[in-house]
Amino acid sequence: MLKLKRGDILLIALLLTAGVGWLGVQYWDGMREVEAGQLSASISVNGEFYRSVSLDGEDEEIDIQTEYGHNILRKYDGGIQMVYADCPKKISMAMGFISRPNQTIICVPNRVFVEIVGSPSPDIDPAEEIDAYVR
């Protein structure tokens, strides 16, 4: 029979407490109310900014055809989803519908990265926005 020492029990208790704490933070973070008008999807292809799409308004399909492959994103109900990818395993399509900040869809073979960001910035490359001003 396995005997647990005092240190083993303390370590297990510490790990369980940390795990429950992390799940609690994730739960409360998911409960925040975020309006669709404040969100946008930032789309990058091969590490380069491709397009930003506001998640409010009418449904829209975004067709991405590059030298790496073909993808179609569908924007609806305040979120976005990969509905077509010509890559072999189609893992990006299995990532489903995303609508919360920092959620992502990634199509590695086609080098497409989609991330939900906090505020819409129509067709502005986030890398080109002013980060700080120093005099």
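Per chain, residues are indexed from 1 in the order of the written sequence. With pLDDT at 70 or above as the cut-off, local features in this predicted model cover only qualifying residues; side-chain atom pairs require 80 or more to be listed or tallied, and sums for whole chains, interfaces and linings still use all residues. Side-chain numbers here rest on the full set of heavy atoms in the structure, without hydrogens or water.

### Things to note about the pattern of salt bridges
Counted as salt bridges are all cases of a side-chain nitrogen of Lys or Arg within 4 Å of a carboxyl oxygen of Asp or Glu. Enumeration over the complete set of coordinates arrives at three salt bridges. For Arg51, the salt bridge is made with Glu60, and the minimal N-O distance between the two is 2.5 Å. Given the relative accessible area of 25%, Arg51 is considered partly exposed. Burial classes follow relative accessibility: with a 1.4 Å probe on protein chains only, a residue under 20% of its type's maximum area counts as buried, one over 50% as exposed, and anything between as partly exposed. Take Glu60: its relative accessible area is 25%, and that puts it in the partly exposed class.

### Description of the nonpolar core
In this description, a nonpolar core means a group of buried Ala, Val, Leu, Ile, Met, Phe, Trp, Tyr and Cys residues linked to one another through side-chain atoms lying within 4.5 Å. Counting residues in each nonpolar core, the largest one holds 19 residues, and the members touching the most others are Leu73, Ile80 and Val114. Helix and strand assignments follow DSSP, with helices taken as H or I runs no shorter than four residues and strands as E runs no shorter than two, numbered in order from the N terminus. Sorting the residues of this core by element identifies strand S1 (40-45), strand S3 (60-66), strand S5 (79-85), strand S6 (104-107) and strand S7 (112-117) as the ones contributing at least two each. Apart from the residues within four sequence positions on either side, Val114 is in contact with Ala41, Ser42, Ile43, Leu73, Ile80, Ile98, Gln103, Thr104 and Ile105. We call two residues in contact when some of their heavy atoms are within 4.5 Å.

### So, a nonpolar patch on the surface
On the surface, Leu2, Leu4, Ile9, Ile12 and Leu16 cluster together into a nonpolar patch covering about 540 Å² of accessible area. For Leu16, the position within the fold is in helix H1 (residues 6-30). Exposure remark for Leu16: the relative accessible area of 56% places this residue in the exposed category. Nonpolar side chains (Val, Leu, Ile, Met, Phe, Trp, Tyr) within 5 Å and like charges within 9 Å form the patches, drawn only from residues with over 30% relative accessible area and no salt bridge. Per-residue and other accessible areas were derived by the Shrake-Rupley procedure at a 1.4 Å probe size, with only the shown protein chains allowed to occlude residues.

### Side note on the UniProt feature "transmembrane region" (unreviewed entry) in the chain
Here, the residues flagged by UniProt with the feature "transmembrane region" (unreviewed entry) are residues 9-28. A helix fraction of 100% and a strand fraction of 0% characterise residues 9-28, whose end C-alpha atoms lie 28 Å from each other. UniProt positions are given in the numbering used here, feature names are shortened, and annotations may be inferred rather than shown by experiment.

### Looking at the pairing of strand S4 (residues 69-76)
Within S4, seven of the eight residues are buried, leaving the element largely enclosed by the surrounding structure. Criterion used throughout: strands pair if DSSP finds at least two bridges between them. When S3 meets S4, the two strands line up antiparallel, connected through seven bridges. By the bridge assignment, Gln65 is partnered in S4 with His70. Counting the residues between successive antiparallel strands, the hairpin from S3 to S4 contains two residues. When S4 meets S5, the two strands line up antiparallel, connected through six bridges. In the sheet register, Tyr76 faces S5, and the bridge partner there is Gly79.

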